[in-house]
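# Fold and geometry: a report
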Amino acid sequence: MQRLLTAPRLRAAGVVLLWLVLTQASGDLPICKESDYHFEYTECDRLGTRWRVAVPNKPDTCTALPDPVKGTQCTFSCGEGEFLDMQSQQCQKCSAGTYSLGTGVAFDEWDSLPTGFITQGVMVNEGKALTDCSNSTWTPKGDYAASNTDECTATLSYAVSLKKPGTVTFEYFHPDRNLYFEFFVQNDQCQSAESESRWMKVSEKDWNQYTVDLTSGNNVLYWRTTSYALQGAAVKPVLLRNIQVSGVAYTSECFHCKPGTHSAKAGSARCTPCPADTYSNKGATVCHQCEQDKYSEPGSGSCKERPACTHSDYFYTHTPCDSEGKTQLMYKWIEPKICSETAEGAVKLPASGEKQTCPPCNPGFFVSNSSSCEPCGSDSHSNGTVCVKCPAGTEPLIGFEYKWWNTMPTNMRSSVLAQEYSSDPNRSTAWEVAGEYVYTTPGYHDTDYLMLTLTVPGYRIPQFNNKGSERGELSRISFVFETMCTADCKFYFLAGYSEWNNYVVEQWKGSSRKQSYSYVIQSNRTISFSWALQRTEGLSMNKTYNSDFAKIYSVHITNVVGGVASQCRRCALTSVGTDSACVLCPPGHFMVSETGACNSCPPNSITKASQPVGEEACVRCGPNTRRNKAHTACVSDCKVDVKTTEGTRLHYNFSPLSNVTEFYSSPSFTSKGLRYFHRFSLGLCGAENKVPASCVDNVTENERTVKGYICQSTLVPSDLRAQKMVSGQPFLIGDSLVGVSTETTLLGISSPTWLFPSASELPDVIFYYRSSDITQACKQGRSATIRLRCNPAIAAKDFIHLPSNCSEGTCDGCTFHFLWQSQHACPLCTKNHYKEIVSACIQGIQKTTYMWQQPLQCNGGVSLPGQKVSACVSLDFWLKFGVTTGTIGALLLVSISCYFWKKTRKLQYRYSKLMMSSGGKECELPTAESCAIMEGEDAEDDLIYLTKKSLFSKIKSFSREVSSSITALNIKH
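What you see is a predicted model; the values in this text were computed from it and never measured. Residue positions are given per chain, counting from 1 as you read along its sequence in written order. Local features are withheld for residues below a pLDDT of 70 in this predicted model, meaning they are given only at 70 or higher, and side-chain atom pairs are given and counted only at 80 or more; totals for whole chains, interfaces and linings count all residues. In computing side-chain properties, one takes all heavy atoms of the structure into account and sets aside hydrogens as well as water.

Put simply, glutamine 854 and proline 855 share a cis peptide bond, and its omega is -5 degrees. Note that proline 855 resides in the loop between strand S66 (845-852) and strand S67 (868-871). Backbone geometry places aspartate 277, a non-glycine residue, at a positive phi of 65 degrees. Strands are runs of DSSP state E lasting at least two residues, helices are runs of H or I lasting at least four, and both sets are numbered from the N terminus onward. Mapped onto the elements, aspartate 277 comes out in the loop between strand S19 (272-273) and strand S20 (278-279).

On to the sheet that holds strand S3 (residues 69-70). Paired strands, in this sense, are two strands between which DSSP finds at least two bridges. If you walk across this open sheet you meet the three strands as S1-S2-S3, and the pairing is antiparallel. Of all strands in the sheet, those with a lone pairing partner are strand S1 (37-41) and S3, marking the two edges. In this sheet, strand S2 (residues 51-56) lies alongside S1 in antiparallel orientation, the contact comprising five bridges. Residue tyrosine 41 lies in a different strand from S2, and its bridge partner there is arginine 52.

As a further point, take the confidence of the model for the protein. Per-residue confidence for the protein gives a mean pLDDT of 81; residues scoring 70 or more make up 82%. Segment residues 21-26 is flagged for pLDDT under 50; beyond a separation of four residues in sequence, or across chains, it makes three contacts in the model. One number per residue, pLDDT, summarises how confident the predictor is, and it ranges from 0 to 100. A contact between two residues is defined here by any heavy atoms of the two lying within 4.5 Å. Long-range and interchain partners of residues 935-948, a stretch whose pLDDT sits below 50, account for ten contacts in this model, where long-range means more than four residues apart.

Here the focus is the side chain of threonine 848. Counting through the fold element by element, threonine 848 comes out in strand S66. Taking relative accessible area as the criterion, threonine 848 reaches 14% and is therefore assigned buried. Those residues in contact with threonine 848 that lie beyond four places of it in its chain are Glu836, Ile837, Val838, Gly866, Gln867 and Lys868. Only protein chains enter the accessibility calculation, which uses a 1.4 Å probe; a residue whose area is less than 20% of its type maximum is buried, one above 50% is exposed, and one in between is partly exposed.

Taken as a class, soluble globular proteins show a tendency for nonpolar side chains to be buried jointly. Ranked by size, the top nonpolar core spans 39 residues in total, and within it Trp431, Ile477, Phe529 and Trp531 carry the most contacts. Per-element tally for this core: the top contributor is strand S41 (residues 549-558), with four residues. Throughout this description, the term nonpolar core refers to a set of buried Ala, Val, Leu, Ile, Met, Phe, Trp, Tyr and Cys residues connected via side-chain atoms within 4.5 Å. The next biggest cluster of nonpolar side chains, apart from the first, holds 34 residues, and it includes Leu650, Phe663, Leu684 and Phe816.

Our next topic: empty space enclosed by the protein. Taking a probe equal in size to a water molecule and rolling it over the atoms shows the remaining empty space. Cavities and pockets were defined on a 1 Å grid built over protein atoms only: a cavity is a set of grid points that admits a 1.4 Å probe from which the probe cannot escape, a pocket is an open set flanked by protein on both sides within 12 Å along at least five of seven lines, and lining residues are those with an atom within 4 Å of any such point. Grid points are joined across faces, edges and corners, and a volume is the space filled by probe spheres set on the points. Counted under the stated rule, the structure contains four cavities of 30 Å³ or more. What lines the largest cavity is a set of 13 residues, among which Trp199, Met200, Asn698, Val699 and Val726 lie closest to the centre. A total of three residues in the lining of the largest cavity trace back to one element, the largest contributor, which is strand S13 (residues 179-186). For this scheme, ten residues count as nonpolar: Ala, Val, Leu, Ile, Met, Phe, Trp, Tyr, Cys and Pro. Four count as charged, namely Asp, Glu, Lys and Arg, and the remainder, Gly too, count as polar. Looking at the lining of the largest cavity, its residues break down into eight nonpolar, three polar and two charged.

Another aspect to go through is a positive patch on the surface. Positive charge collects at one region of the surface, where Lys902, Lys903, Lys906 and Arg910 lie side by side. Looking at the element boundaries, lysine 906 is found in helix H2 (residues 875-917). Under the relative-accessibility criterion, lysine 906 is labelled partly exposed at 36%. Exposure above 30% relative accessible area and no salt bridge define the residues that can form patches, which grow by joining like charges within 9 Å and nonpolar side chains of Val, Leu, Ile, Met, Phe, Trp and Tyr within 5 Å. Exposure was quantified through the Shrake-Rupley algorithm and a 1.4 Å probe, taking into account, for residues, occlusion by the shown protein chains and nothing else. By definition here, a salt bridge exists when the distance from a side-chain nitrogen of Lys or Arg to a carboxyl oxygen of Asp or Glu is within 4 Å. Residues counted as positive are Lys and Arg, residues counted as negative are Asp and Glu, and His and the chain ends are not counted. Charge placement uses NZ in Lys and CZ in Arg. For Asp and Glu, CG and CD serve respectively.

As a further point, take the packing of aromatic side chains. What counts as a ring pair is set by centres within 6.5 Å for rings of Phe, Tyr and Trp (its six-membered ring), and what kind of pair is set by the plane angle: stacked under 30 degrees, edge-to-face over 60, tilted for all other angles. Taken as a whole, this structure holds 52 aromatic pairs when the rule is applied. Ring geometry for phenylalanine 493 against tyrosine 517: centres 6.0 Å apart, planes inclined by 65 degrees, an arrangement best described as edge-to-face. Of the two residues, phenylalanine 493 sits in strand S37 (residues 490-498) while tyrosine 517 sits in strand S39 (residues 512-521), which places them 24 residues apart along the sequence. Assessed through its relative accessible area of 0%, phenylalanine 493 is described here as buried.

Only a pair of cysteine sulfur atoms within 2.5 Å counts as a disulfide in this structure description. In this structure the tally under the stated criterion is 21 disulfides. The disulfide partner of cysteine 78 is cysteine 91, and the S-S distance across this bridge is 2.0 Å. Between cysteine 78 and cysteine 91 the disulfide shows an S-S torsion of about -90 degrees. By sign, it is left-handed. Here cysteine 78 is found in the loop between S3 and strand S4 (82-85), whereas its partner cysteine 91 is found in strand S5 (residues 90-93), with 13 residues between them in sequence. Looking at cysteine 78, the relative accessible area reads 3%, which means it is buried. What pairs with cysteine 601 in a disulfide is cysteine 618, and their sulfur atoms sit 1.9 Å apart. Taking the torsion about the S-S bond as the criterion, the cysteine 601 to cysteine 618 disulfide, at about -60 degrees, is left-handed. Taken together, the positions of cysteine 601 in the loop between strand S44 (598-600) and strand S45 (605-607) and cysteine 618 in strand S46 (residues 618-620) put the pair 17 residues apart, joining distant regions of the chain. For cysteine 618, a relative accessible area of 12% translates into the label buried.

In structure tokens:
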């Protein structure tokens, strides 16, 4: 469409030389006319100047071309609505009916791929794929280009040379998060320009506009898409339109407005679309009114005959209730009105204004003084008339139930989604209320999707554990519908995160009798529900099947945050959420189901539910954990005491490892070769006021983050170093700490020793975690174990391994295992971990040295004592002391012996005297005259010892005396 004049490849001297040669060689040719040639500029020289030369349109057809003249400065450019007249080298305004961007180019027609654009499809694994991707390219669709939807990589590129810094602006519609869409700019040396992010965000509703700055010189623009639907799900393509590039040198002509648009003034920078019921041809200056019996849609290049009005060209609705409780039945033409009331066989619009009794309010609402329906309070319920407070011991059954359709509910919206996802916000009457039902209105193209969307803020924690309900049920939506079709219509029910990020839950083809359908909601992210009717498929833009319709009689969704209640029930004592209307017990207490009284839970117990019932609802914390202040979770302060099999106690302090730690798995590849990683984030202890581990999904415009003890996300690396990785599919592995132990099994979670063999006798300390996320594969939820192994040689705090035979951290998809080695995983050092060595006593000094036991398997704790020096006594001293002591003892012993010998001698003498004085009578001793010592006894006794004799002489004398005494006694007898 555009013609952009770029600098010719020949330099100025070469062009002039070529002109001279052609002039001399074509002397027989006719003289060139202005129509036989055109002007171009040479490349700029170092001084910023250039030459204007004439270039023949066809070689060797004429002669006498105009001489080269000096051209404008290289920095010269024209403004918007102007073009460069090469004859005068002056900027001229575009005439009416044409337009120009001045220093820019625009691409808004996509009947075919515009000149300069290149598209190709390749595989992400650089040609090793088994799939042919030659047809996986960007496809022109008239007003836009559509990307591929398979796992091939489709690239659309455009090269442009800018004389000054400029911008590129384009509009895109990216409805599917399973398709990665990126835009980036490279120079002629394949170096990417710096940008905040090359990944385009997912479109929530309508077209998005994106602008990037460009540098002067050569720029190559790339739009690239790659599908990442791991489960083979169908994806929606990316749509691209209205690409504008500014910063080019000039344009040598103005461009005609395309049919359906016009420019009324000279010097226009763009063309204006014609309104409805008007048309224009190419290069129009005004839009022409269609004839009375014809019509046109906005931006049309021609008019169509108005068909005769039928019953499908109008619809009926109800006005809001008045103060008398009445509503009026109103008939309206479908806008824009395209039918003719005067044509043969046309029907007339029925008369409006018939009054009818207003239907009651929907359950949970009441009739206000203004006759409008208002919601009841959070502690009340109603059947649609008045609100009644729930009795004591009960709570309102929260949700939304719509079965009367006097006005469209505030959380429901009607819209039209045209084919190829191009929506018109002004066409919003796809569904209308009709008292007992809501229905699709006629008047749209047969291929349009007539959408009705219900959006809720979220769901409460389930209040009852109904035995008949499905496990993991957060909510349930039920509706009653009916379809009547004369063609191959389809009625869809969709659910998802938003109106533009949803998936088809169920679909019905053709006519369907009045029936009900229920859908169980298991995720808090499923908050948008849509019903859509498409009267026929294909590319038809007709309105042949306008009489086909869908009706919805009632919609009921349960357990919705901010909902209303139609009835009350007994308090859900088994599991009451924080938003329950029941009176709550204090933290750490449970409700006695029989009386409703609050009793305290056992020590170190938590309550998982906000209103636990029965003592069994109190959960005792696992080993080496304690309850938090809110009595809702078990946490650890990273200080653990364990008892070994030998009976000794080991003390650990894992505080240096308590911060959130991240690590990555080895790279993995999809079946098509796309490389990705698993990123794990760990928060070991989970102490209060600690930042939890988190994983993010940054693929969507609204980032989603999951937080807990352990989580995992999938990372897709970027081709550029400056770009961040794309993180998606985050999920929790552990959101609660079960306990800390050296046992390999705890509360149903196992950590087999064969996953991480160890040669050390020191036991591993194992942290056990569990996640409440329940999946189809993991009916009991996910769980995880972290083995902390002492390794004094590792000072790093992120030395974490996955099992060698389970490279993704799990062997069954539900239980994950990690090995964390560190010196901080060793027990605290105690006195038992070192020994003392005492030196010999040298010169009265003795040294005591302390050394760690080897191999050392402790860290921190007590410090190694320093060397001690003490005084001591040598062996010579003790020898002398012993000899001296022995000598003294011997002398003392001799003295004592002599003493007792003397005493014995005296006794023997006295005995002898007594025996001699007894007169020889047997067994009779003489009577003592006195107990006192008689006079002369001492002298006699002393006389015996006056004579000095030797020791042997005394012994010998004593023996003789004894013998003689014995002899004398015998004689007497």
